[in-house]
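Residue strings, one per chain:
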Amino acid sequence: MAAADPCSDLHELDVVFERDAEAKNQQPRYAVYVMDISYFSGKLETYLRFKRISFTRIEVTHKQFMTLFQHTGLVQVPILLDRSTGKYYRDTTSIIELFESRPAEFLEPSSARRPVMPSNPEANFISQLLEDYFDEWMWTPALYYRWEPRLDAGNLARRFIKHDFMRDMLVPMPDPVAELVVIDRQHEEYVRAGGGVRDAAGKAMMEDIYKATLARLNAHFQQSPFVMGAQPSFADFGLMASMFRHFALDPTPAKIMRLTAPAVYEWVARMWNASCLEVSDQLDTPLPDGVEPLVRDALKHYIPYLIANARAVIAGESEVIVGPLRMKPVAFRAWSASRLVRAWEALDEHSKASLDSYCRGLGHNIHSLIDEGPLLAKAGAMWEAGAVVAPPHCVPHKPASFLQGMLGTPNHQARLSLQLTPLTGGLLKLLAVILVSTRLNLVNKSTWLWSFASI
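With an unreviewed UniProt entry as reference, the protein chain is termed GST N-terminal domain-containing protein, source organism Durusdinium trenchii.

Caption draft 1: Quick peek at the overall build of the protein chain. Scanning the protein chain from terminus to terminus reveals 21 helices and seven strands. In the protein chain, buried positions account for 57% of the 455 residues. For the protein chain, the computed accessible surface area is about 19,300 Å², with 55% contributed by carbon and sulfur atoms.

Caption draft 2: Up close: the pattern of salt bridges. Scanning the model with the defined rule gives 29 salt bridges in all. For lysine 51, the salt bridge identified is with glutamate 100, shortest N-O distance 2.8 Å. A residue pair is termed long-range when its members are at least 10 positions apart, and lysine 51 in the loop between α1 (39-50) and β3 (55-59) and glutamate 100 in helix α3 (residues 92-101) qualify at 49 residues. Glutamate 100 carries the same exposure label as lysine 51, and that label is buried. Between arginine 52 and glutamate 278 there is a salt bridge, with the nearest N and O atoms lying 2.8 Å from each other. Taken together, the positions of arginine 52 in the loop between α1 and β3 and glutamate 278 in the loop between α13 (262-272) and α14 (292-315) put the pair 226 residues apart, joining distant regions of the chain.

Caption draft 3: Focus on the side chain of glutamine 186. In this fold, glutamine 186 is placed in helix α9 (residues 175-193). With near-sequence residues (within four places) excluded, glutamine 186 lies in contact with Trp147 and Val191.

Caption draft 4: Spotlight on the packing of helix α7 (residues 139-147) against α9. Look at α7 against α9: their axes get within 10 Å of each other, and the N-to-C directions meet at 155 degrees. Here α9 runs roughly antiparallel to α7, going by the angle between their axes. Considering only the axes of α7 and α9, their crossing is left-handed. Between α7 and α9, the contacting residues are Trp139, Leu143, Tyr144 and Trp147 on the first element and Val182, Ile183, Gln186, His187, Tyr190 and Val191 on the second.

Caption draft 5: Here's a closer look at the pairing of strand β2 (residues 30-34). For β2, the buried fraction is high: five of the five residues fall into the buried class. Side-chain alternation along β2 places Tyr30, Val32 and Val34 on one buried face and Ala31 and Tyr33 on a second face that is also buried. With α1 bridging β2 and its parallel neighbour β3, the resulting β-α-β unit is right-handed. Note that β2 and strand β4 (residues 79-82) share four bridges and pair antiparallel. Bridge pairing in β4 places valine 32 opposite leucine 80.

Caption draft 6: The arrangement of the packing of helix α6 (residues 121-137) against helix α15 (residues 331-345) in detail. Direction vectors running N to C along α6 and α15 enclose 170 degrees, while the axes themselves pass 10 Å from each other. Here α15 runs roughly antiparallel to α6, going by the angle between their axes. Of the residues in α15, those touching α6 at Phe125, Gln128, Leu129, Asp132 and Glu136 are Phe332, Arg333, Ser336, Ala337, Leu340, Ala343 and Trp344.

Caption draft 7: The arrangement of the packing of aromatic side chains in detail. For the structure on display, the rule yields 25 aromatic pairs. Across the ring face of tryptophan 272, the terminal group of arginine 49 is positioned such that the distance to the ring centre comes to 3.9 Å. Taking NZ or CZ as reference, arginine 270 lies 5.6 Å from the ring centre of phenylalanine 226, over its face.

Caption draft 8: Spatial organisation of the pairing of β4. Both faces of β4 are covered, namely the face carrying Ile79 and Leu81 and the face carrying Leu80 and Asp82. Strand direction decides the pairing type here: β4 and strand β5 (residues 87-90), joined by four bridges, are antiparallel. Counted as the bridge partner of leucine 81 is tyrosine 88 from β5. The antiparallel pairing of β4 with β5 creates a hairpin that spans four residues between the two strands, and glycine 86 there sits at a positive phi of about 80 degrees.

Caption draft 9: Region of the structure containing the environment of threonine 56. You can see threonine 56 is positioned in strand β3. Placed 29 residues apart in sequence, threonine 56 and glutamine 27 show a C-alpha to C-alpha distance of 7.8 Å. A distance of 3.0 Å separates a polar atom in the side chain of threonine 56 from a polar atom in the side chain of arginine 83.

Caption draft 10: Quick look at α7. Counted residue by residue, α7 has eight buried out of nine residues, so it is predominantly covered. Residues of α7 that are buried: Thr140, Pro141, Ala142, Leu143, Tyr144, Tyr145, Arg146 and Trp147.

Caption draft 11: Broad picture of helix α16 (residues 349-361). With 13 residues, α16 ought to run about 18 Å at 1.5 Å a step, and its terminal C-alpha atoms sit 18 Å apart, in line with that. All of the buried residues along α16 are Ser351, Lys352, Leu355, Asp356, Tyr358 and Cys359. Projection of α16 onto a plane perpendicular to its axis shows the buried side chains occupying an angular sector of 165 degrees, all on one side. Counted as exposed and oriented over 90 degrees from the buried face of α16: Glu349, His350 and Gly361. Looking at the buried residues of α16, the elements they touch are α6, α14, α15 and α17 (367-370). Two or three places before histidine 350, at the start of α16, stands the capping residue aspartate 348, its side-chain oxygen 3.2 Å from that residue's backbone nitrogen.

Calculation criteria
- Residues numbered from 1 in each chain as written.
- Predicted model: local features only at pLDDT ≥ 70, side-chain atom pairs only at ≥ 80, totals over all residues.
- Heavy atoms only, no water.
- Helix = DSSP H or I, 4+ residues; strand = E, 2+ residues; numbered from the N terminus.
- Buried < 20%, exposed > 50% of the residue type's maximum accessible area, 1.4 Å probe, protein only.
- Areas by Shrake-Rupley, 256 points an atom, 1.4 Å probe, with all protein chains shown as cover.
- Salt bridge = Lys/Arg side-chain N within 4 Å of Asp/Glu carboxyl O.
- Contact = heavy atoms within 4.5 Å.
- Axes fitted to C-alpha atoms, helices over the stretch in contact; angles between N-to-C directions.
- Parallel < 35°, antiparallel > 145°, perpendicular 65-115°, else oblique.
- Left-handed = near helix turned anticlockwise from the far one by under 90°.
- Right-handed = clockwise from strand over helix to strand, strands pointing away.
- Pairing = 2+ DSSP bridges.
- Phe/Tyr/Trp six-rings, centres within 6.5 Å; stacked < 30°, edge-to-face > 60°.
- Lys NZ or Arg CZ within 6 Å of the ring centre and 35° of its normal.
- Polar contact = N/O pair within 3.5 Å; in protein donor to acceptor, adjacent residues only side chain to side chain.
- Expected span 1.5 Å × (residues − 1).
- Arc of directions from axis to C-beta.

Shown next, in the form of structure tokens:
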């Protein structure tokens with residue numbers, strides 16, 4: 001019997017890609033909780049659309065997050081609910097791997113015949129490497145462009161408050177103050193502390209990463225419709241995370257993309273509309289020409305960062321130094337990277353030799369990652385211990401605290417990740433005083449509105 005959906009919402013939409021018109025009268029097996037501005041929501045939605053998997057799309061509110069937390073231990077999106085079992089799933093990479101590895105359990109036959117994992121073992125490993133690189137390395141410049149430029153930050157803060165996550169909250173402060181709090185918190189969490197951008201050199205590095213990646217992608221997509229060839233692969237969905245809901249839609253990076261990389265802009269639309277693409281039931285692609293600059297970037301920049309990040313996690317250090325960046329260590333990335341090592345270990349000797357030669361031809365040694373497998377596993381285990389259960393699975397949790405509900409649970413952990421500047425911390429303290437005072441009738445509404453207006 002299908003489990004009752006605890007988070008129904010008036011904003012939900014049935015998204016159906018079956019050719020049978022009657023399918024629209026049936027409740028889809030899957031419900032997906034998303035935010036329309038979310039990095040990883042766009043990635044998962046694109047995958048489900050390509051696979052022609054029917055799902056109910058629910059844009060979550062703060063109130064729904066509080067309910068979801070009790071089922072998942074997380075205040076983040078996307079979350080996928082399998083109504084047939086009542087189970088919740090998280091982490092887009094893990095969800096895609098689950099669906100692709102167990103199609104008989106999770107997919108209709110028509111969806112199973114639209115694979116995204118290359119059957120060629122060398123191509124599949126490179127696709128996995130690029131997926132992780134695009135997913136995690138491009139996160140930092142994507143969040144930089146969202147919360148550093150004044151135009152983009154103001155635009156997103158207003159959407160955040162009025163039309164997305166906070167639309168069902170009673171926010172006891174004027175809109176300009178609420179926007180200031182959102183921008184201040186997001187910039188501290190994702191640009192300064194998370195991204196390590198502290199000065200002009202850090203800003204220049206973020207912008208260089210985006211523009212250089214755009215140039216490589218633009219050249220590639222002028223010759224190939226997708227990353228690994230004629231149809232979407234695992235790597236395309238990792239790339240879609242940053243390129244769709246951030247770079248192609250946020251004002252500043254979107255303008256750069258339109259003016260300098262129109263082939264990438266076209267690829268974003270092609271991926272979003274890929275449900276209409278008729279594809280082979282075997283993604284039998286060799287290593288394609290044209291991806292070498294992207295693989296070289298992953299080997300040159302991302303792998304050294306992963307190793308430095310894992311060492312910082314194990315040592316309990318507060319920063320990872322990457323050029324001018326002073327980034328916050330992220331144990332989840334070590335856990336994610338350890339999956340690449342396991343994928344390598346599963347290859348036969350011929351495929352390992354072929355990939356070793358391929359990477360050396362690009363001027364880099366894949367063993368700089370593989371030989372650090374124990375290090376990555378140790379750091380990843382530290383994250384997994386705090387996560388209770390590894391993705392894609394979720395576990396029930398006690399109700400969320402006020403701060404968890406307001407500030408979220410980054411990196412798939414129920415524990416609170418708190419990055420507050422003096423400004424946001426002071427405003428939250430003032431908010432707490434006001435809420436208690438009004439509850440006790442010590443001050444009236446006009447008093448606290450005047451207090452915020454005077455800030």
